[in-house]
Amino acid sequence: MNPNMRDLIVSSFLSIFLGLFVSGLLMLFLGANPFSVYGRLFSFLVRDGYTFADIFVKATPLIFTALAFAFTFKANLYNIGAQGQFYIGALTSVAASLLLGPRLPGIFSLFLILIVTALAGGIWGGFVGFVKARFNANDFLVSMMSVYVALALMNYLLRTVLIEAKHEYPQTNPIADKLFIPTIIHGTRLHAGFILAILVAIFCWWFLYKTTIGFRIRVVGLNPVAAGYAGIESGRIYIIAFLISGALAGMAGFTEVNGVQHMLVQDFNTTIGSEGIGIAILANAHPIGIIFGAILFGALKVGGSILGQTSGIPSSIIGIMEGFVMIFVLLSFWVRKKLELRRDIAKLKTGVKR
Amino acid sequence: MDTPFVELKGISKYFAKVVANNNVSFSIHKGEVLALLGENGAGKSTIMKILYGLYQAEEGEIFINGRKTNITSPRDAMGEKIGMIQQHFALVPPHTVTENIVMGSLHGILNNQDLRQRIIDLADHYGFDVDPDSYVKDLPVGLQQKVEILKALYQNVELLIMDEPTAVLTPQEADNLMQFVRQFVEKGNAAVFITHKMNEVMKVADRVVVMRNGAVLGDLEKNGTNEHELSSLMVGKEIFPLENRRRSHSGTGFEVDGLSVTDQRGHKALDNIGFTIGKGEILGIAGVSGNGQQELGDAIIGVLAADSGDIRIDGESICHLTVRERIKKGIGYVHADRHAVGLVLDMSLGENMFLKSSFDRVAAKGIVIDRNRFNDYADKAISDYSIKTSGREEQVKGLSGGNQQKVVVAREVDIGRKLIIFDQPTRGLDLGAIDYVHKTILAERDKGKSILLISTELSEIFALSDRIAVIYNGKLLQTMDRKDAAIEEVGLLMAGITEEEQHEP
Amino acid sequence: MINIIARALLMSTPLLIGATAEVIAERAGVMIIAVEGIFLIGAWGGFVGVYTTGSYLMGFFLAALLGLCVALIYGWITIILKQHQIVTGTALNIFIAGIVAFFHRVIFGVPLLPLTIEPLEKLPIPLLSKIPVIGGLLFDQSILTYIAFLLALAAYFILFKTAVGLVIRSVGENPVAVDVVGISVEKVRMLVILIAGVLGGIAGSFYSVVYLGMYTEGIIGGRGWIAFAICFLGNWNPIGAIIGALIFGVAESIAIYMQSSGGGFLPNEVFIALPYILTIILTISRKQFNVPAKLGVSYVKEN
């Protein structure tokens, strides 16, 4: 196997291992024994079908938010607003679901809701692309700020227009049964949204690498000057990239509302935006790598909550595990580069000394 | 002068894919101008950067005045009174001349008045005319170089190393520079002049070290050698002069009429430019960098908008067309900067060949890229142009300069069915690649295309062009037939000295 | 009305400190993407320091120290290991949120009632604070507020009137120019990052130690990012940062006032979102002029 590929696989596993190891060390502060803690966690994950399937349930929205960041990253743009586009998507999804109710046949309605949700997320994200193209506004800042605006909007609507019939808590009524995304494995929460996520990831890969528009997006990302001379209009690409990116993040709203929660409440999935960024980074913005990264993070999240239930370790361990894994992966980027350089120089030296 | 000021012994340096210096040894003496001669990629810059502390050698030693010295950073080199002027200036454009010269050698609070005076005194001492308060980004390249030199002089260097200093100067400015170098050396200092131009070596050097492929091939007294010997050492084989059978062209293919263009900073870059190029004709535009050449190419391809004037291909105006549409009309543009503009370094050879074709129905069905066409296109370029590469999947940043340029040329020649613009097409290439590019340019002309050749190398202009024009300050001074042109005259025009001024008593 | 302006100065304090730190760093070409995390760990450290020792000095010291630690890690990964600034910063922000929550649990367990400390008292400047109207406004503020403004002015002086400042600015515009005179670009960048860590930590501690008197998970709520934006909107100039911080301070102050007085006809959430909407508007209307040319670009020597 190509030595670079071998390094990649080895370092990925090593990073995950080290990340978990160091997190385990921190558990000592709580008086817990990391070996027994992890042991219990592992056995739970493997034995209990429900728990195991939950990994993929948790991974689903992460695939979308990671794809969202990666997509614009390929154009050298920064969409830090996936969390906000997710909120907008979730709002649209729940509003459309409540509005439609059980009027139309299930699958058809679901499809409609998906499209509307994606559109909503796309418009919210597209706004960033538009101001970047038109005013050369800083996409990082604008997308970042849009999250807080979306959050405020969502909280407002949950308190007023969308509030449940009882008017007790800031949350919506549950949506009609027919509008639930069907589960694909009985006895678990695993719903078809996961399949959708995989298909969308594959579509993104195909779009970026096999189509002319995807090619142009990548050219703009790697060398916008050369793109200009090649007749590619950067502004148009910015808008397209952000539209698609926002739509991707918005779709996470669909899967979470119609697939998991079946309503909309405050304070749910508050970290999937930044986790998506982390996953995209680790996977080097490659759509297929993102699927694996999201599953990893899904496992960390499920694992983290199990740890809370069985060993009394607080849920903040999840962020720690994620953080450590990401840091070790960053270190591994550097290590791999060094190894590659050393290999190349060794090749040269043997060539000269002949 | 028994103990040399600087002695390099057995220096070797490896980069990721290439041996830059292979067991290099030579010495530098005070009171002497040493020319380091070799073609692009020979390793001349590398060895001097090692001496200046920018690079660290893998093997070898440096001796200063007979004492073994470890130079680990430019600080050490400056401590040994060694200064170096880089090929691409290491200046801070938004800062003033004064700020640039003193940066790094001061502490505490800046006393502007005092510093200004020091700079003025220094400049006067060497006969340089620079305004200490002007911003570097506003200075023409020749003056920027003076600022770089003043930076070194401010540090009281005794050895001045200059890397390809005349690349951006007019012939007259180059002469002035060489005069300065001689004066500097006559004061008991040493100078090293890195160059690939033989005529400069013969004019200013006392001794010549010739390098090729990272190794030293000759260490000679200038007076004991000649251009022919130097040239064969430099290249290692016979060079045959280019065969150029000129014939008359068949009708006008390309016209520029009254073109005026303002650049991004608001300066008038082109002023009422007008010329024609026939089908099967090469028009060579000579001129020192920065006189509007880049803007001319950019305006023709459409990246820069014209304020007024017209551009026509086959009689049809293209002024209102977008870049994409002009590419479709058959305009190829080999840009002067292949790294920043001509190529996307992180993409593969195949993708770079495809760079301008993504809108083309030919290479794609709808929005899906036609893999077969894509692959064939790239493979054909590789074989037609003998590009040395591991295949169309290889990232172009791994290719040598010459092969990179071949990719660009292959693409633009194919796109340029009617007009091809070549801007500095052989900059930074080794002689083999230069020859190849020249032959390609001639071959395309013989196919009946209009060729616009923009270059600072007069020898290149004279070897290839059918007609020659000179650009100066955004204006086109005089267009003449190749057979009526004389190098000295063109050189003067490049400095803005028009015919009348040339013949003044 | 006076109260609103006085409070505006108060709220602008952490933003100004953070923005000044960001200006210095970005002038050298480094974006402190970990700023939100540094603010957070500063808020937590400040709270822990005051709660456990009763000394405010200890609180600020701990905040600065923790900020410095984060900066060390950030600097090591981005400058020495040359990894991507945005990537590293994001990873650290996620990490810090987890670490802070974790150690809060380790140290304090799960308290029934939120833990509180006495917010730092204001420090009226003798004589000056007695001036009618203006005195109460400008000279009867928290010590951190005075420090913030002095810091910004000092930063301006250092950046534009001293040799060190010239080097820092040159590193951000053209690191090659600095490299060839033998100054280590990496050292300069590391230095500005560490400074930013210390200042950012102190800025974050404002929210827990001076303003709220307690620590909660969402205490920073994006304000680190606003400080980041102010650097940008202030054209990478400490004086611009002062103006920017004041504008946002006023916005926050009005928002607080509107929320506490019933909001009138607009829902609360509008005022909560106000600073962020303001940032978006200002970002759109700003033409980027003085971006340091090499901002965010790792300096790789050809070796």
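Keep in mind that what you see is a predicted model, and the values were worked out from it rather than measured. (Residues numbered from 1 in each chain as written. Chains lettered and ligands numbered in written order. Predicted model: local features only at pLDDT ≥ 70, side-chain atom pairs only at ≥ 80, totals over all residues.)

Caption draft 1: Representation of helix 10 (residues 234-261) of chain A within the structure. All names here are of chain A. Over its 28 residues, helix 10 runs 39 Å from end to end, which matches the ideal 40 Å to within 8%, given 1.5 Å per residue. Among the 28 residues in helix 10, 23 count as buried, and that is most of the element. Positive phi shows up at H262, right after helix 10, with a value of about 60°. (Helix = DSSP H or I, 4+ residues; strand = E, 2+ residues; numbered from the N terminus. Expected span 1.5 Å × (residues − 1). Buried ≥ 20, exposed ≤ 12 C-beta atoms within 10 Å, placed from the backbone.)

Caption draft 2: Quick peek at the interface of chain A and chain C. In this assembly, 38 residues from chain A lie in contact with 33 residues from chain C. Elements supplying a minimum of two residues to the side of chain A that touches chain C: helix 5 (106-135), helix 6 (139-159), helix 11 (272-282) and helix 13 (316-352) of chain A. Ranked by residues supplied to the side of chain A that touches chain C, first place goes to helix 13 of chain A with 14 residues. Classifying every residue of the side of chain A that touches chain C by side-chain character gives 28 nonpolar, nine polar and one charged. (Contact = placed C-beta atoms within 7 Å. Nonpolar A, V, L, I, M, F, W, Y, C, P; charged D, E, K, R; others polar.)

Caption draft 3: Inspection of the packing of helix 2 (residues 35-53) of chain C against helix 4 (residues 85-108) of chain C at higher detail. Residue and element names in this part refer to chain C. As a packed pair, helix 2 and helix 4 sit with axes 8 Å apart at the nearest point and diverge in direction by 15°. It follows that helix 2 is roughly parallel to helix 4 by the angle criterion. Seen from above, helix 2 lies across helix 4 with left-handed handedness. Residues E36, G37, L40, I41, W44 and V48 of helix 2 form the contact with helix 4, whose own contacting residues are L92, N93, I96, A97, V100, H104 and I107. Counted by class, the contact of helix 2 with helix 4 contains nine nonpolar, three polar and one charged residues. (Axes fitted to C-alpha atoms, helices over the stretch in contact; angles between N-to-C directions. Parallel < 35°, antiparallel > 145°, perpendicular 65-115°, else oblique. Left-handed = near helix turned anticlockwise from the far one by under 90°.)

Caption draft 4: Structural detail: the domain arrangement of chain B. All names here are of chain B. Structurally, chain B comprises domain 1 (6-235) and domain 2 (250-342 + 414-501). Between domain 1 and domain 2, the C-alpha centre-to-centre distance is 32 Å. Each partner contributes residues to the interface: domain 1 has 11 residues there, and domain 2 has 10 residues. Broken down by class, the residue content of the side of domain 1 that touches domain 2 amounts to six nonpolar, four polar and one charged. (Domains from an automatic or database assignment.)

Caption draft 5: Geometry of the interface of chain A and chain B. Contacts between the two partners involve 21 residues from chain A, matched on the other side by 27 residues from chain B. Listing elements by their share of the side of chain A that touches chain B, those giving two or more residues are helix 8 (212-222), helix 9 (224-229) and helix 13 of chain A. The residue makeup of the side of chain A that touches chain B, split by class, is 12 nonpolar, five polar and four charged.

Caption draft 6: Spotlight on the UniProt feature "transmembrane region" (unreviewed entry) in chain C. All names here are of chain C. Mapped onto this numbering, the UniProt entry gives "transmembrane region" (unreviewed entry) at residues 32-51, 57-79, 91-117, 123-139, 146-168, 188-213, 225-258 and 264-284. Taken end to end, residues 123-139 is 29% helix and 12% strand, and its first and last C-alpha atoms sit 8 Å apart. Secondary structure across residues 225-258 comprises 88% helix and 0% strand; the distance between its end C-alpha atoms is 23 Å. (UniProt positions renumbered as here; feature names shortened; annotations may be inferred.)

Caption draft 7: Main features of the environment of F111 of chain A. Mapped onto the fold, F111 of chain A is located in helix 5. With 16 residues separating them along the chain, F111 of chain A and F127 of chain A place their C-alpha atoms 24 Å apart.

Caption draft 8: Up close: unusual backbone geometry. At D314 of chain B, a position not held by glycine, the phi torsion is positive, near 50°. Mapping D314 of chain B onto the fold places it in the loop between strand 14 (308-313) and strand 15 (316-317). Despite not being glycine, N235 of chain C shows a phi value in the positive range, around 60°.

Caption draft 9: Structural context of the pairing of strand 13 (residues 281-286) of chain B. Residue and element names in this part refer to chain B. The buried count for strand 13 comes to six of six residues, which makes it a mostly enclosed element. Burial along strand 13 is two-sided: E281, L283 and I285 and I282, G284 and A286, pointing in opposite directions, are all buried. Pairing between strand 13 and strand 20 (residues 450-455): six bridges, direction parallel. Following the sheet pairing, L283 is matched in strand 20 by L452. Summarising the sheet, strand 13 and strand 21 (residues 467-472) pair through four bridges and their orientation is parallel. (Pairing = 2+ DSSP bridges.)

Caption draft 10: Representation of the sheet that holds strand 20 of chain B in the model. Residue and element names in this part refer to chain B. Read from one edge to the other, the open sheet built from six strands follows the order 16-19-20-13-21-22, with strand pairing classed as mixed. Edge positions in the sheet fall to strand 16 (331-334) and strand 22 (475-481), since each of these pairs with one other strand and no more. Each adjacent strand pair in this sheet contributes to an overall mean axis angle of 15°, direction not counted. On the sheet, helix 15 (residues 431-446) packs against strand 13, strand 19 (419-423) and strand 20 and is oriented at approximately 150° with respect to strand 20. Each of strand 13, strand 21 and strand 22 touches helix 17 (residues 487-494); the most contacted strand, strand 21, lies at about 25° to it.

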